[in-house]
Amino acid sequence: MRSDLIRIVSRDSPMALAQVERVRAELAALHPGITTTVLPVKTTGDKWMGDLSQVEGKGAFTKEVDQALLAGDADLAVHCVKDVPADRPLPAGTTFAAFLKRDDIRDALIHPGGLTLDELPEGTRIGTSSVRRIAQLAASHPHLECVPMRGNANRRLEKLADGEADALLLAVAGLERIGHQDVITDILPTDVMMPPIGAGVLALQCREGDTELIDTISGLGDRDAYRETQAERMLLHVLQGHCNSPIAGYARVERGGELSLRACVFSPDGKTVLNAHEWAGRLDPAALGTSVAVALLRQGAREVIDSIPH
C-alpha cells in the first residue's frame, strides 16, 4: 500500500458519505500530500427496515465496515459514535485513532406546518423508531403518537412528505451534514430530549498495527470530544444497555476544562425515569462514566434494562 494513500470505508448513505467528505477535507488541510479514496458499503442496518433488535442492534450499522477494515480492503473507517455498540469492545485488532470536534448533540422537530413540539395537537403522529425518543416523548408529551420510521434522513423526509407521519424527530447534526437544516422547525433542548450516547461525534477507526496511519490521523482529534466520548461510552458499557434500552446522556467539558456527565435510563413507556449527574473532579473520563452508571444502577437501572425484550 502506498503510504500517501488512505482508503476510507464508510456506510453508503448520503449522510455517511458527507461525513467522509469532512474527514477528507480535514486530512487534506493537515497533510496536503495525502490522497484518499472512499469504499462505500451497504450495512445490514441500512438494508433492514424492521426492528433493529432482530439484526444485532446497533452493530448492524458497523459490521460490514469493520469487516472491510479487518480484511485489509480499507485503512480507515468513519463512524458516528452513537452507532458503535458500547456494551462490547471494538473488534479485536482495531482501535479508535481520533474523535473529531463535536457537532450539535440536540434533536430537531420537522413539522410541515412550522409548529414547535409544544404546539403539536393531540394525536399528532411523530415518525421515529428510536426507543430513546419514544420513551422521552411518552414522559413529556403523552398526547402525541409515535409511528415507526426507519431509513436514512432523506428517506424519512420523503416519508413525511408522503404523509406517513405528521412530524419527524431527527438529529440536528445529521440534518446539517446533508444540508437540510432549513427543514428544522424546533430545536429541542437537552432537558426536553436528551441525546443518545456519542451524539454528534465522528470516530476514526483503524487497525491497531497501523502506527504510521494512527500518527497521521491523530492530529484530527479533538481533546474535548475524546474526554466526553470516553465518559459516555464507559457509562453505556457499565450499564450493558442493548439497542432496545432507552438510555440517554451526554458529557460536557465546560470552559474551565471541568468535565460533567448527565444520564438517564427510561422505561419504554416513559413512566420510569432514572436520572444521574456528576462532575469528574479528579476522576478521569472513564471513571466518571463508571460512577454515573453505578448511581443509575443503585436506582434500579439494571431491572429497567433487563425488563425490556431484545
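Report on the accompanying structure.

Rules used throughout
Residues numbered from 1 in each chain as written. Predicted model: local features only at pLDDT ≥ 70, side-chain atom pairs only at ≥ 80, totals over all residues. Heavy atoms only, no water. Helix = DSSP H or I, 4+ residues; strand = E, 2+ residues; numbered from the N terminus. Rg over C-alpha atoms; globule rule 2.2 N^0.38 Å. Buried < 20%, exposed > 50% of the residue type's maximum accessible area, 1.4 Å probe, protein only. Salt bridge = Lys/Arg side-chain N within 4 Å of Asp/Glu carboxyl O. Pairing = 2+ DSSP bridges. Axes fitted to C-alpha atoms, helices over the stretch in contact; angles between N-to-C directions. Phe/Tyr/Trp six-rings, centres within 6.5 Å; stacked < 30°, edge-to-face > 60°. Polar contact = N/O pair within 3.5 Å; in protein donor to acceptor, adjacent residues only side chain to side chain. Contact = heavy atoms within 4.5 Å.

Quick word on the overall build of the protein chain
The helix and strand tally for the protein chain stands at 10 helices and 13 strands. At 19 Å, the protein chain has a C-alpha radius of gyration in line with the 19 Å of a compact globule built from 310 residues. A principal-axis box enclosing the C-alpha atoms of the protein chain has dimensions of 60 × 50 × 40 Å. Counting the 310 residues in the protein chain, one finds 51% classified as buried.

Some details on the pattern of salt bridges
As a working rule, side chains carrying opposite charge can pair if their charged atoms are close by. Under the counting rule described, the total for this entry stands at 19 salt bridges. Note that Glu-21 and Arg-24 form a salt bridge whose closest N and O atoms lie 3.2 Å from each other. Here Glu-21 pairs with Arg-24, and both are found in helix α1 (residues 14-30), just three residues apart, close to one helical turn. Asp-75 serves as the salt-bridge partner of Arg-207, at 3.4 Å between the closest nitrogen and oxygen. A residue pair is termed long-range when its members are at least 10 positions apart, and Arg-207 in strand β10 (residues 202-207) and Asp-75 in the loop between α3 (63-70) and β3 (76-80) qualify at 132 residues. You can call Arg-207 buried: its relative accessible area is 17%.

Some remarks on the sheet that holds strand β5 (residues 107-110)
Across the sheet, five strands lie side by side as β7-β6-β8-β5-β9; this open sheet has mixed pairing. Both outer strands of the open sheet, β7 (145-147) and β9 (186-188), are each paired with one neighbouring strand and no more. Averaged over all pairs of adjacent strands, the angle between strand axes in this sheet comes to 30°, irrespective of strand direction. In terms of strand pairing, β5 meets strand β8 (residues 167-171) through four bridges, oriented antiparallel. If you follow Asp-107 over to β8, its bridge partner there is Ala-171.

What about unusual backbone geometry?
Of note in this structure, Gln-240 is not a glycine but carries a positive phi near 50°. Looking at where Gln-240 falls in the secondary structure, it is placed in the loop between α8 (223-239) and β11 (247-253).

Some remarks on the packing of aromatic side chains
Taken as a whole and judged by the stated rule, the model has two aromatic pairs. Ring centres of Phe-99 and Tyr-226 lie 6.1 Å apart, and the angle between their planes is 45°; this geometry places the pair in the tilted category. With Phe-99 in strand β4 (residues 94-99) and Tyr-226 in helix α8, this residue pair connects regions lying 127 residues apart in the sequence. Phe-99 gets classed as buried once you look at its relative accessible area, which sits at 5%.

As for the side chain of Gln-205
Tracing the sequence through the fold places Gln-205 in strand β10. Residue Gln-205 is classed as buried on the basis of its relative accessible area, which comes to 1%. Within the local environment of Gln-205, its side chain forms a polar contact with the side chain of Asp-66, the two groups lying 3.4 Å apart. Polar side-chain contacts of Gln-205 include one of 2.6 Å to the side chain of His-79. Filtering out sequence-adjacent residues up to four positions away, Gln-205 remains in contact with Asp-66, Leu-69, Asp-75, Leu-76, Ala-77, His-79, Leu-90, Pro-91, Thr-94, Thr-95 and Phe-96.

Brief notes about the sheet that holds β10
The strand order across the open sheet formed by five strands is β2-β1-β3-β10-β4, and the pairing between neighbours is mixed. Edge positions in the open sheet fall to β2 (35-41) and β4, since each of these has one partner strand only. On average, adjacent strands in this sheet sit at an angle of 30° to one another, irrespective of strand direction. Taken together, the five bridges between β4 and β10 define a ladder with antiparallel strand orientation. Note on β10: the bridge partner recorded for Thr-94 is Arg-207. Packed onto the sheet, α1 meets β1 (5-11), β2, β3 and β10 and runs at close to 155° relative to β1. Helix α7 (residues 211-218) contacts β1, β3, β4 and β10 of the sheet and is inclined by roughly 20° relative to β4.

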